[in-house]
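A closer look at the structure
Chain residues, written in single-letter form:
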Amino acid sequence: MTPLSDTATVDVSDREIDGPHGPLTLRVYLPEASAGPGLVWAHGGGFAGGDLDMPEADGVARELAARGIVVVSVDYRRAPLPQVWAEATGASATGGVHYPVPSDEVAAAFHWAAAADPAAHLASGPWAIGGASAGGNLAAGATLRLIHDGGPVPALAVLAYPTLHAVQAAPDAELRAALDANPDADRFGPAAVLGMYENYLGGAVQNPEVFAVPGDASAEQLALFPPTIMINGDVDQLRVSGEAFARALSEAGREVDVSTEPGTMHGHLNRPDEPAASRSLDRFAARILALAPPASTPATEGMPS
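Just so you know, these numbers come straight off a predicted model, no measurement behind them. (Residues numbered from 1 in each chain as written. Predicted model: local features only at pLDDT ≥ 70, side-chain atom pairs only at ≥ 80, totals over all residues. Heavy atoms only, no water.)

Core analysis: the biggest nonpolar cluster contains 57 residues, and Val40, Trp127 and Phe225 have the highest contact counts within it. Among the elements that line this core, the one with the most residues is helix H4 (residues 134-148), at 8 residues. Dropping the residues within four chain positions of it, Trp127 is found in contact with Gly38, Leu39, Val40, Val70, Val72, Phe110, Ala113, Ala114, Leu122, Pro154, Ala155 and Leu156. Residues Ala128, Leu156, Ala277 and Ala285 belong to the second largest nonpolar core, which totals 25 residues. (Core = buried A, V, L, I, M, F, W, Y, C linked by side-chain atoms within 4.5 Å. Buried < 20%, exposed > 50% of the residue type's maximum accessible area, 1.4 Å probe, protein only. Helix = DSSP H or I, 4+ residues; strand = E, 2+ residues; numbered from the N terminus. Contact = heavy atoms within 4.5 Å.)

What follows deals with the pairing of strand S8 (residues 256-265). Here strand S7 (residues 228-235) runs beside S8; their pairing, made up of 7 bridges, is parallel. Paired with Gly233 across the strands is Glu261, a residue of S8. On the question of chirality, the crossover connecting S7 to the parallel S8 by way of helix H7 (residues 239-251) is right-handed. (Pairing = 2+ DSSP bridges. Right-handed = clockwise from strand over helix to strand, strands pointing away.)

Our next topic: the side chain of Ser259. Mapping Ser259 onto the fold places it in strand S8. When its relative accessible area of 17% is taken as the criterion, Ser259 is described as buried. Setting aside anything within four residues of it in sequence, one finds Ser259 in contact with Met230, Ile231, Asn232 and Arg283.

Here the focus is the sheet that holds strand S6 (residues 157-160). If you walk across this open sheet you meet the 8 strands as S1-S2-S4-S3-S5-S6-S7-S8, and the pairing is mixed. What marks the edges here is a single partner per strand, and that holds for strand S1 (10-19) and S8. Neighbour-to-neighbour, the strand axes of this sheet turn through a mean angle of 20°, independent of strand direction. Set on the sheet, H4 makes contact with strand S3 (38-42), strand S5 (127-132) and S6; between it and S5 the angle comes to about 145°. (Axes fitted to C-alpha atoms, helices over the stretch in contact; angles between N-to-C directions.)

As structure tokens, then:
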């Protein structure tokens, strides 16, 4: 299937805003014909990796913009990349920041987008917020922060295989068997996830704020959480976290559409050649576009009754 972004006209530009922790770069994707809604998007990478050029950032943004959605992709500051992680990925160890910096920056990006002057030619319709993997955590945490601080509140949360719990439960027997049958997919067990959060937080996980670990939010804290669409990986242990958060949203009386993309391992939006990536993006796009207000009804003055 030819990606829509190969044939659609999308204007892409980097903009620098005054962020809460210094200059913050946002990459803005403007469709040739905007349908109205916009999306502030955060890529994944275990809080320590990823960038605006990876498929999960640039590819996702281009495909959604090709469908008429304005996208603001956030170049949030990342946590340190430890030597052991760097060696495993063939990268170099780097320094970095800790919570709350990335969370603050995603919230600031949403503030900027939602408050943009019409002359900036950004989205005219409602704004959604979303992210993939660790970016899904940042999007959900920023949403809770925005609610706590009095808004603006996103009209929709768009979460792709998110991590939302620092202390993650073990998978059920069916998922455990699928992971055992595919060792390459078995990368996000409870110990690995806890280490990822300790690196993000800069220390032990001890009573963290829900803005850092949204999965810990109470029903009261979720009471104003926006409608949510979540697509999890199939053979992906982070599905345990996503599904637990979806249950918490439902129990809090919030609207949530949670599903699993069949046959996928973690991070399928980073593999755009897989049909699953297009399927997920089609579903995300349809839900975001549904935020657009209905077109006004033409005047009927003078028509026979």
